[in-house]
Every structure is written in C-alpha cells, then in structure tokens.
Amino acid sequence: MTEAYRVGDELPPLEIPVTRTLIVAGAIASRDYQDVHHDAELAREKGSPDIFMNILTTNGLVGRYITDHFGSAAVLRKVAIRLGAPNYPGDVLRLTGRIVALEDVALEGENRSLIEVAVTGDNRIGRHVTGKVTVAIPVAIPGAIPGAVTVAITEGGGA
Amino acid sequence: MKPGTRAGQADAQEASPSHGAEASDQLYERLSAYAGRPAATAGTGRDPVNAPMIRHWCEAMGDTSPAYRGPDAVAPPTMLQAWTMRGLSADPEPDDGTGRSAAYGELLGLLDGAGYTSVVATDCEQEYLRPLRPGDLITFDAVIESVSRRKTTKLGTGYFVTTCMDVRADGELAGTHRFRILKYRPAQRKSAQRKSAQRRTAEVEKEPALRPRPVINRDNAGFWAGVAEHRLLIQRCTGCATLRFPWLPGCNACAGQEWDTVEASGEGTVFSHVVMHHPSFPAFDPSGEGGPYAVALIELAEGVRIVGNVTGVPYDKVRVGLPVRLEFLRTDPDLELPVFRASEGG
C-alpha cells in the first residue's frame, strides 16, 4: 500500500508569498534585529531597495518544506543552504525539491531511512536559495509514513 | 559566526572574473591569521529552549507540524542558530553572555576599519545531532574557520568569513552550525539612492548602467590608444618575435623588454566561454535588462587570446569554435571596447 520514495522523485513545489509580515516575523522569531530585515528606510540607506528576508527564515522555510512533505515523524538531520537573489516584499518564493540519495541506517537503535533532498527556491529576481537537506524517516511503521521504503544499507549520511 | 544579530542575506555570490582582478591584498594576510582562532567561547543562550519562542517561530514560518506542539514538543531543528542569538541588546560587552571572542571582535574590527562595514549572510550549514526540548540550556563555542581573499560581488567588494559553532544542550552536543558572512564595502550606494529617489518622486526615467572603466597605465596605454583608433594591437617581442596578449612589460618567452606591435586582422574563433546568469549586470547585457550574457575567450588568427563579448547571436548560441570578427562597440559616450561579432549568424 505504501508508495516508495526513489532517487529522482520530485517534491510538489511550495509557493510562499514573501510578505513584509513574513520577513519581519521571521527576523524577530529568530532574534535577528538587523535593521535591513524590518526597517525599509535604513535598508535603502544601506544600498538595498527594501527590507529582505534573513537567512534564518529561509532556513526555517526550507526545513518546513521538507517536513511538510515527509510528515511529522520525519526528523531533519542536516540543512545546508546558500543564498543568492534576495527575497523582497511582494515576491513569491517557489521551493522545489528532488530526492538525490536514499539509504537505510540504524539511528539510536532504530531503523531509519535517510533521504537527501536537493532544494531550490526561486523568486522573480532569480535563485534565492540552493540547498541540500537530509531527513530521517521511520522505516515500516504502518500508517505513520505515507512512503517508507527500505533500500540497501550503507554507511554515513549525505550532503 | 558570532551568535549576535548579524544575519542577513543578499546577492553576495562572486561576480564575473572581469571584476575580480585584485592585485595586492595585504589586508588578507592580516585577516587570514585569524583562521583557527575562537569566534565564541563558552557562550550561553539568552533563554533556555522554550515553548513560546518555538510557537512564534512556527507561526512566522507557517509550520504546522505537530512535532513542535504539545507536551512532547521538540524545537524545529532549523531554530538552532536562533537559540544562540543575542537579540535586541546593546553593543557587545565582555560579559553579555554571547561568548564572542576577542579574536573575532578584532577580525571584524579590522574589516570595519578598512571600510568593509556591511555584512550579509551567504551560507548556513547545520547538522542536528539530537532534538532540542523546552528547558534545555544552550551553550556554544565557535571557531573562525577561514577568511577568503578579497572578492568582488554584486553587493560590493569584501571578504567572506566562515565560522563553525558547536551548540550544546545541557552540555551535550546537539548540533553544529557553519555560517558564512560577507563583510563588504557597499558598491551601489549611488544607484540605491537613485532608486529610492525614484520611488519617492515616482520618477520613472532610468539611467543606463555603465560598464566599469579600464585602468590605463604605462604598461597598457598603447593597447587603449589602439582601441581609440579602432585597431586591436598585439605586443610582439622584438627579441624573439613572440606575440603576447594581454599587454605586459616583458616577454614570457625570452624575458626581453623591447617590443613593438602587430595589428590584429580581426579574425578569430571562440576558444571557450561562460554564460553569466547571476548576479545580473545590466551594463553587460545587450538588452540592458541584466539578463544572461556570454563572456568568451577569443583565439585570434594571430594565435593570442583575448576575453570579450560576442555580439550578433544570443548568449545561448555562443559555442566553442564559433567564427567571430572584431568590431568596436561604443558602450557609452566615454567608453569604446573591442567586441566580437559572430560571423555566421548563429
């Protein structure tokens, strides 16, 4: 009944409106009070056309994209991101992901599938974020995970 | 990375090679001495891991995962850095709990003092070893991993500083956090002010972006004098007759210092090329929109190679071996450059 994950699988894209509220709320939730993330006038004085999203918010959104897809039992193991084009208010961030590696490992005595996903996030300026996320999902817990899969056991993680 | 409030982001990836030529970089020698030294020592989180901060984070991110709610809640792993952030507090003090090291303060001070006063975050790599739960006490140590040579980016010229932090919960290693920032001197103040003024006055007239000016000196003045006469001049060693380009004071083949010039016939082929997608440089894009453009290494019929733009074909039609012919392009009233037109129309 379960659908197996495979290398090459594309995750459904997630479009996130980049509102001024999201930029400010993300900055404050991450305790980042740099003025370029909440004060448009000061951002302009520093050479930016407007406030822009901070890296911690992008990191959080990338993590959410992955756990939204794999379910609440999925646990993030690694998130590595690189930023490019800034996220300014009024834009839309479109996250896409593709599974690039899969392996089964024993973590703290339990079997887990480690799934590595290559993530990109584009806005209308260009590529906002490129990254890789490694997520651990439980193996073969009936009904808990919509797509648990068992593959060859190898050592080590991804990314 | 110090655990303070210096998290930003922007167009900080390195720009095209034509912008990156930096002759001497004495500051780099001083900065690189800080690699391996501590960035933060025995820092402590301002607050223990706690449910309200987790909830605020999830609300901001739109994250509705049940894993982050209820009696068995864990913190979203991507909050790792947030627990180490100083928050809205005043200038760093020795005992402010952020653990920022003297070495890291000195490094940033050197950069500030040299005019590299702005900062953006460019990379974040985190590994999560155990979940963080409400009540966990956060401590951290960080090391300055590396300092780059001076780089030119769309934001401006500066240095990338990479730090790596161990984050502990109740003394146990919970995650690692590698963070890269660009400390830079803003390059676009003028253009930003212009944009800002446009917004305020609803003025829509757009100034065209200008290409960078060539640096003309004794060693290359003859080349630019040739360009002004629409002649592409190649240096020739009068000792051994070896041609050389770009212009140099001496011959790489025989070390001779005497030279004369040969005018290029103008025929050539694309030896190699790259396509510049991002960041955008409107001045280099024929449409002025900042879209992709090709930068080619042209092998001239005389045998030397020159970097230049290929005209007459879209950027994605440039290919190795494409025959091209020299022409001169006036990019703005004060600048004329040799460019290469594809001679087979694609």
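Computed from a prediction, not measured in an experiment: that's the story for all the values here. (Residues numbered from 1 in each chain as written. Chains lettered and ligands numbered in written order. Predicted model: local features only at pLDDT ≥ 70, side-chain atom pairs only at ≥ 80, totals over all residues. Heavy atoms only, no water.)

A. Spotlight on the overall build of chain A. Of the regular secondary structure elements, chain A holds three helices and five strands. Counting from the amino terminus, helix and strand elements in chain A follow one another as β-α-α-α-β-β-β-β. Classification of the 159 residues of chain A by burial places 55% in the buried group. Of the contacts formed within chain A by residues at least 6 apart in sequence, a portion of 70% connects residues at least 24 apart. Accessible area for chain A stands at about 6700 Å²; split by element, carbon and sulfur atoms hold 53% of it. (Helix = DSSP H or I, 4+ residues; strand = E, 2+ residues; numbered from the N terminus. Buried < 20%, exposed > 50% of the residue type's maximum accessible area, 1.4 Å probe, protein only. Contact = heavy atoms within 4.5 Å. Areas by Shrake-Rupley, 256 points an atom, 1.4 Å probe, with all protein chains shown as cover.)

B. Summary view of the nonpolar core. Grouped together as the largest cluster of nonpolar side chains are 83 residues, with contacts concentrated most on Ile66, Phe70, Leu95 and Ile115 of chain A together with Trp83 and Leu132 of chain B. A total of seven residues in this core trace back to one element, the largest contributor, which is helix H3 (residues 55-70) of chain A. The residues contacting Ile115 of chain A, other than those within four sequence positions of it, are Tyr5, Phe70, Ile99, Ala101, Leu102, Val133, Thr134, Val135 and Ile137 of chain A. Counting residues in hydrophobic clusters, the runner-up holds 27 residues, among them Trp247, Leu322, Leu337 and Ala342 of chain B. (Core = buried A, V, L, I, M, F, W, Y, C linked by side-chain atoms within 4.5 Å.)

C. Representation of the confidence of the model for chain A within the structure. Residue-level pLDDT values for chain A average 87, and 86% of them are 70 or greater. Considering only residues more than four positions removed or in separate chains, one finds that residues 141-159 of chain A, a stretch of pLDDT under 50, has 50 contacts. (pLDDT = per-residue confidence, 0-100.)

D. Representation of the sheet that holds strand S7 (residues 233-237) of chain B in the model. Residues and elements named next belong to chain B. Spatially, three strands are ordered S8-S7-S9 in an open sheet, and the strand pairing comes out antiparallel. Because the sheet does not close on itself, it has two edges, and the strands there are strand S8 (243-244) and strand S9 (259-263). Pairing geometry for S7 and S8, over two bridges, is antiparallel. Note on S8: the bridge partner recorded for Gln235 is Arg244. (Pairing = 2+ DSSP bridges.)

E. A look at the interface of chain A and chain B. Between chain A and chain B, the residue contacts involve 43 residues of the former and 46 residues of the latter. Carbon and sulfur atoms make up 53% of the area that chain A and chain B hide from each other, which totals about 3800 Å². The largest per-residue losses of area from chain A upon contact with chain B belong to Arg31, Ile55 and Leu56 of chain A, which jointly make up 17% of the total buried on that side. Between Arg31 of chain A and Asp47 of chain B there is a salt bridge whose closest N-O contact spans 3.2 Å. Where chain A touches chain B, the interface holds eleven residue pairs in polar contact (both at pLDDT 80 or more). (Buried area = accessible area lost by both parts, 1.4 Å probe. Salt bridge = Lys/Arg side-chain N within 4 Å of Asp/Glu carboxyl O. Polar contact = N/O pair within 3.5 Å; in protein donor to acceptor, adjacent residues only side chain to side chain.)

F. Region of the structure containing the pattern of salt bridges. Overall, the coordinates contain 26 salt bridges over all chains when judged by the stated rule. The partner of Asp122 of chain A in a salt bridge is Arg127 of chain A, and the shortest N-O contact between them spans 2.7 Å. With a closest N to O distance of 3.1 Å, Glu336 of chain B and Arg330 of chain B form a salt bridge. Residue classification places Glu336 of chain B among the buried residues on the basis of a relative accessible area of 15%.

G. View of unusual backbone geometry. Residues and elements named next belong to chain B. Phe245 connects to Pro246 through a cis peptide bond whose omega is 0°. With a phi angle near 50°, Asp170 is a residue other than glycine that sits in the positive phi range. Among the structural elements, Asp170 can be located in the loop between strand S5 (156-169) and strand S6 (172-186). Residues other than glycine seldom take positive phi values, yet His230 does so here, at roughly 60°.

H. Region of interest: the packing of helix H1 (residues 20-29) of chain A against helix H3 (residues 51-61) of chain B. Where H1 of chain A contacts H3 of chain B, the axes come no closer than 9 Å and their chain directions differ by 155°. One element, H1 of chain A, and the other, H3 of chain B, form an angle in the roughly antiparallel class. Two packed elements cross with a definite hand, and for H1 of chain A against H3 of chain B that hand is left-handed. Residue-level contacts link Leu22, Ala25, Gly26 and Ala29 of chain A of H1 of chain A to His56, Trp57, Ala60 and Met61 of chain B of H3 of chain B. Taken together, the residues of the contact of H1 of chain A with H3 of chain B break down into six nonpolar, two polar and no charged. (Axes fitted to C-alpha atoms, helices over the stretch in contact; angles between N-to-C directions. Parallel < 35°, antiparallel > 145°, perpendicular 65-115°, else oblique. Left-handed = near helix turned anticlockwise from the far one by under 90°. Nonpolar A, V, L, I, M, F, W, Y, C, P; charged D, E, K, R; others polar.)

I. Just the pairing of strand S2 (residues 118-128) of chain B, in detail. All names here are of chain B. With nine of eleven residues buried, S2 lies mostly within the body of the structure. Sheet topology places S2 next to S6; ten bridges connect them, and they run antiparallel. For Asp123, the partnering residue across the bridge sits in S6 and is Arg180.

J. The arrangement of the sheet that holds strand S11 (residues 293-300) of chain B in detail. Residue and element names in this part refer to chain B. The mixed closed barrel is built from five strands, whose spatial order is S10-S11-S12-S14-S13. On average, adjacent strands in this sheet sit at an angle of 50° to one another, irrespective of strand direction. Of the pairings in the sheet, the one linking strand S10 (residues 267-276) to S11 comprises eight bridges and is antiparallel in character. When the sheet's bridge partners are listed, His273 is paired in S11 with Ala296.

K. Quick peek at the packing of aromatic side chains. Residue and element names in this part refer to chain B. A full pass over the atoms with the stated rule returns eight aromatic pairs over all chains. Arranged with centres 5.0 Å apart and planes meeting at 80°, the rings of Phe223 and Trp224 form a pair that is edge-to-face. The pair formed by Phe223 and Trp224 is uniform in burial state, with each residue classed as buried. Between Phe223 and Phe245, the ring centres sit 5.4 Å apart and the planes meet at 65°, which makes this aromatic pair edge-to-face. Here Phe223, found in helix H6 (residues 221-228), pairs with Phe245, found in the loop between S8 and S9; they are 22 residues apart in sequence, far enough to count as distant. Each member of the pair, Phe223 as well as Phe245, is classed as buried. An aromatic cluster is built from Phe223, Trp224, Phe245, Trp247 and Trp259, whose rings are joined through pairwise contacts. (Phe/Tyr/Trp six-rings, centres within 6.5 Å; stacked < 30°, edge-to-face > 60°.)

L. Broad picture of helix H4 (residues 102-113) of chain B. Residues and elements named next belong to chain B. The first and last C-alpha atoms of H4 sit 16 Å apart over twelve residues, in line with the 16 Å expected at 1.5 Å per residue. Those residues of H4 lying buried are Ala103, Tyr104, Leu107, Leu108, Leu110 and Leu111. For H4, the angular spread of the buried residues around the axis is 150°, confining them to a single face. Set apart from the buried face of H4 by more than 90 degrees, the exposed residues are Ala102 and Gly113. In this structure, the buried side of H4 is in contact with helix H2 (26-32), strand S1 (38-44), strand S3 (138-147), S5 and S6. Once H4 finishes, Gly115 follows within two positions and takes phi at roughly 100°, a positive value. (Expected span 1.5 Å × (residues − 1). Arc of directions from axis to C-beta.)

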